[in-house]
Protein chains: 2
Amino acid sequence: MNLVSNPATGHTARLAPLVGACLGSMQRPASTRTPLDIADTMKLLGNCLAPQRRVVRAGAVLYAAGERFRTLYVLNTGLMKIVSTASDGREQVVGIKFRGDWLGFDGIAEGVYACDAVAVDTGEVWGLVYDEVLAACAESPALLGLLHAAMSRQIGRDRESLMSVCTLPADARVAEFLRQWAESLERSGLRFDQITLPLTRAEIGNFLGMTLETVSRALSKLAREGVIDFAGRGRRDICIGDTGALAAFVQRCLAPVRTSACLLQ
Amino acid sequence: MNLVSNPATGHTARLAPLVGACLGSMQRPASTRTPLDIADTMKLLGNCLAPQRRVVRAGAVLYAAGERFRTLYVLNTGLMKIVSTASDGREQVVGIKFRGDWLGFDGIAEGVYACDAVAVDTGEVWGLVYDEVLAACAESPALLGLLHAAMSRQIGRDRESLMSVCTLPADARVAEFLRQWAESLERSGLRFDQITLPLTRAEIGNFLGMTLETVSRALSKLAREGVIDFAGRGRRDICIGDTGALAAFVQRCLAPVRTSACLLQ
DNA sequence: CGCCACTTTGAATTAGCTCAAATTCCGTGG
DNA sequence: CCACGGAATTTGAGCTAATTCAAAGTGGCG
């Protein structure tokens, strides 16, 4: 019997028409769909899936590695970090999540979360029970498209991280990190010329594969060169006049490096 | 109208019952499903989805960044690398694919592949048109579970890469690389005590974020310490007596390093 | 106010990189 | 079959970017 598309509960039957209505404009193959912006996506999810809203205070653990996987989350406000811990205790920030990002995909394969999701800032997440999402997707290919796009984007994002860590010198990595932060804020519809880093230098360094001292020095250098400015008293508020300047800084760091051989072929 | 679950073509209708039959044993929620081994998974996919089999010769490009996304691939035999190219030309090997691995997920979000997939070794891939996969999934939640598990596993795998690059010194990174290679072979059901690296030192180094010289030195050191042995005259065949020895080597490299502060909280 | 966690900056150290040379391997053609 | 050439690999020697260690500065909060 087909568990999901013919659910025993009436839950799905109640939701599905709504989903269809909400996502009506997306009834095209995923490959030709124009991307929704995040505000719209959140609105659709909110209307269609009756998510369980949950406030997470700074420092709170949304889920921890090893916990049984049941629900996916979408971040509505705030900021979260994804921390992976190796069996020998090495800890690594493997992702930073902004408004509109999904959390928990890593749990699907094994039925158990593989990482910890920790709130860096107080915010609100929407919990979506995975089985219910699947049920709703069975009725609405558009919702399925949304889900797959989110997973796909995460895969792409993770690869960008690896690329940064592997190919950029420390200073450029920090600049690129800020650039992508600003980009994420822009996607979220928030102002991105002035950003507040709720992460410590140690956390940033861990994420970028360098020490906190190196992060500090890199930020100082960026400020010295006028690419960024420190706003406010604490040095956690950063003004980015122009994201182009950050990109230019990255290229400047890269210039003297030998161009790696062509890996294609 | 519901494009996928009520397809206009008869194609899906023809496939769907087959899928249901093939995957009958998996009609449980993903979170409680016992994982299939790769041979079984391949057999199921082969029986259920009528994939387009395609031989790729060493060096061939399966798909390239920028090409329109239409099909996902599953690697049946051989070995492929996923190469990401930044806008400034930096190239990065962001993944290595073994038997049973899926390729192309990165294309779903934007409808365009984000990376190049290049055959490192002659092999065979199975092409699955994404829209047809979706159609089949609409009829078979089990197949959807397979798809999501593959994506989820890729996300987990990518994070492991980032963890290695960020937290391990070069020697340990090479050891860990070999360990995971052996693990992948084991998963594929192939012998893994003796592995042949069809990648050049430069490719390995690129993937691991170090120079080819460093890879070479690390391999020499591993051989000197008896953790691996070079078989054959070309130094591309490597005997791994015991994957535990590789893990131990990693820990030995790690020992003198200060333990990073607890990032949780 | 005074503590504590975070940050900055400096100075010394080192892991990994760059550059260079020698060696091996393999395919090709005589 | 052997000689040759090109590509990949190994190994050595210096150099440099980033780390480690240390100390001083800053801000937030009870």
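Residues numbered from 1 in each chain as written. Chains lettered and ligands numbered in written order. Predicted model: local features only at pLDDT ≥ 70, side-chain atom pairs only at ≥ 80, totals over all residues. Heavy atoms only, no water.

Chemist: Quick question: what am I supposed to make of the packing of helix H5 (residues 170-188) of chain B against helix H8 (residues 243-254) of chain B here?
Modeler: Each pair of packed helices can be summarised by the angle the axes make with each other and by the distance between the axes. Residues and elements named next belong to chain B. Close contact between H5 and H8 brings their axes to 9 Å; oriented N to C, the two are set at 155 degrees. Viewed along their axes, H5 and H8 adopt a mutual orientation that is roughly antiparallel. Handedness of the H5/H8 crossing: left-handed. Every residue of H8 that contacts H5 at Asp 171, Ala 172, Ala 175, Glu 176, Leu 178, Arg 179 and Ala 182 is listed here: Thr 243, Leu 246, Ala 247, Phe 249, Val 250 and Cys 253. Class assignment of the residues belonging to the contact of H5 with H8 gives a composition of nine nonpolar, one polar and three charged. (Axes fitted to C-alpha atoms, helices over the stretch in contact; angles between N-to-C directions. Helix = DSSP H or I, 4+ residues; strand = E, 2+ residues; numbered from the N terminus. Parallel < 35°, antiparallel > 145°, perpendicular 65-115°, else oblique. Left-handed = near helix turned anticlockwise from the far one by under 90°. Contact = heavy atoms within 4.5 Å. Nonpolar A, V, L, I, M, F, W, Y, C, P; charged D, E, K, R; others polar.)

Chemist: Would you explain the protein's contact with DNA strand D in this entry?
Modeler: Neighbouring DNA strand D are 18 residues; Ala170(A), Thr214(A), Arg201(B), Ser216(B) and Ser220(B) lie closest to it. When atoms of DNA strand D within 4 Å of the protein are sorted by moiety, sugar and phosphate together comprise 66%. A distance of 2.8 Å separates a phosphate oxygen of DNA strand D from a polar atom in the backbone of Ala170(A). Here a phosphate oxygen of DNA strand D sits 2.7 Å away from a polar atom, N or O, in the side chain of Arg201(B). Secondary-structure elements contributing two or more residues to the surface near DNA strand D are helix H7 (212-224) of chain A together with helix H7 (212-224) of chain B. With four residues, H7(B) is the largest single contributor of residues to the surface near DNA strand D. When its residues are assigned to classes, the surface near DNA strand D shows three nonpolar, six polar and nine charged. (Near = heavy atom within 4 Å. Polar contact = N/O pair within 3.5 Å; in protein donor to acceptor, adjacent residues only side chain to side chain.)

Chemist: What is the right way to look at the side chain of Ser164(A) in this model?
Modeler: Residue and element names in this part refer to chain A. On the secondary structure map, Ser 164 appears in helix H4 (residues 141-167). Overall, Ser 164 belongs to the buried group, its relative accessible area being 8%. Setting aside residues no more than four positions away along its own chain, Ser 164 makes contact with Arg 173 and Glu 176. (Buried < 20%, exposed > 50% of the residue type's maximum accessible area, 1.4 Å probe, protein only.)

Chemist: Even after reading the chapter, I still don't get the sheet that holds strand S8 (residues 229-231) of chain B, so can you show me in this structure?
Modeler: Backbone hydrogen bonds hold the strands of a sheet together, and the pairing may be parallel or antiparallel. Residues and elements named next belong to chain B. Spatial strand order, S7-S9-S8: three strands in an open sheet with antiparallel pairing. The two strands at the open ends of the sheet, each matched to only one other strand, are strand S7 (194-196) and S8. When the angles between neighbouring strand axes are averaged without regard to direction, this sheet yields 35 degrees. Taken together, the three bridges between S8 and strand S9 (residues 237-239) define a ladder with antiparallel strand orientation. Considered in S9, the bridge of Asp 229 is made with Cys 239. (Pairing = 2+ DSSP bridges.)

Chemist: Which parts of the structure should I look at to understand the protein's contact with DNA strand C?
Modeler: Looking at DNA strand C, there are 18 residues lining it, with Arg201(A), Ser216(A), Ser220(A), Ala170(B) and Thr214(B) nearest. At the protein interface, 68% of the atoms of DNA strand C within 4 Å belong to sugar or phosphate. A distance of 2.7 Å separates a phosphate oxygen of DNA strand C from a polar atom in the side chain of Arg201(A). Looking at the surface near DNA strand C, the elements that each hand over two or more residues are H7 of chain A together with H7 of chain B. Element by element, the count of residues in the surface near DNA strand C is highest for H7(A), at four residues. Its residues placed into classes, the surface near DNA strand C shows three nonpolar, six polar and nine charged.

Chemist: It is not clear to me how the pattern of salt bridges should be interpreted in this structure. Could you clarify?
Modeler: If charged atoms from side chains of opposite charge come close, those side chains can pair. In the structure shown here, the tally under the stated rule is 18 salt bridges over all chains. Put simply, Asp88(A) and Arg90(A) hold a salt bridge, and the shortest N to O gap is 2.6 Å. Between Arg179(B) and Glu176(B) there is a salt bridge, with its nearest N and O atoms 3.0 Å apart. With a gap of three residues between them, Arg179(B) and Glu176(B) both fall in helix H5, about one helical turn apart. Through salt bridges that share partners, Glu176(A), Arg179(A) and Glu183(A) make up one connected network. (Salt bridge = Lys/Arg side-chain N within 4 Å of Asp/Glu carboxyl O.)

Chemist: Please explain helix H6 (residues 201-208) of chain A as it appears in this structure.
Modeler: Helical geometry note: an α-helix holds 3.6 residues per turn, so side chains three or four residues apart project in the same direction. Burial of H6(A) is extensive: seven of the eight residues sit out of reach of the surface. Phi turns positive one or two residues past the end of H6(A), at Gly209(A), with a value near 75 degrees.

Chemist: Sorry if this is basic, but what is going on with the sheet that holds strand S8 (residues 229-231) of chain A here?
Modeler: All names here are of chain A. Ordered in space as S7-S9-S8, the three strands form an open sheet in which the pairing is antiparallel. Bordering the open sheet on either side are strand S7 (194-196) and S8, each of which pairs with just one other strand. With direction set aside, neighbouring strand axes in the sheet form an average angle of 35 degrees. Relative to strand S9 (residues 237-239), S7 runs antiparallel, the two sharing three bridges. From the neighbouring strand, Gln 194 faces S9, where its bridge partner is Cys 239.

Chemist: I would appreciate a short explanation of the packing of H4(A) against helix H5 (residues 170-188) of chain A in the present structure.
Modeler: Residues and elements named next belong to chain A. Relative to each other, H4 and H5 sit at 160 degrees, their axes nearing to 10 Å. Judged on the interaxial angle alone, H5 and H4 are roughly antiparallel. Like other packed secondary-structure pairs, H4 and H5 cross with a definite hand, here right-handed. Across the interface between the two elements, Arg 157, Glu 160, Ser 164 and Val 165 of H4 pack against Arg 173, Glu 176, Gln 180 and Arg 187 of H5.

Chemist: Can you help me understand the packing of aromatic side chains in this one?
Modeler: In this description, a pair of aromatic rings is defined by centroid distance and the angle of the planes. Residues and elements named next belong to chain A. For the structure shown, the criterion picks out 16 aromatic pairs over all chains. Ring plane angle 20 degrees and centroid distance 6.0 Å describe the contact between Tyr 63 and Tyr 73, whose orientation is recorded as stacked. Of this pair, Tyr 63 sits in strand S2 (residues 61-63) while Tyr 73 is found in strand S3 (residues 71-85), placing the two residues ten residues apart along the sequence. In this structure, Tyr 63 and Tyr 73 share a single accessibility class: buried. Aromatic side chains Phe 98 and Trp 181 sit 5.0 Å apart centroid to centroid with 90 degrees between the ring planes, which places their arrangement in the edge-to-face category. Residue Phe 98 is found in the loop between strand S4 (91-97) and strand S5 (102-103), and its partner Trp 181 is found in helix H5; the two are separated by 83 residues along the sequence. By the burial criterion, Phe 98 is buried, and Trp 181 matches it. (Phe/Tyr/Trp six-rings, centres within 6.5 Å; stacked < 30°, edge-to-face > 60°.)

Chemist: Help me out: how do you make sense of unusual backbone geometry in this one?
Modeler: Both trends apply: most residues other than glycine have a negative phi, and most peptide bonds are in trans. Here the phi dihedral of Ala50(A) falls at roughly 45 degrees; this positive angle occurs in a residue that is not glycine. Take Ala50(A): it is sitting in the loop between helix H2 (38-49) and strand S1 (52-56).

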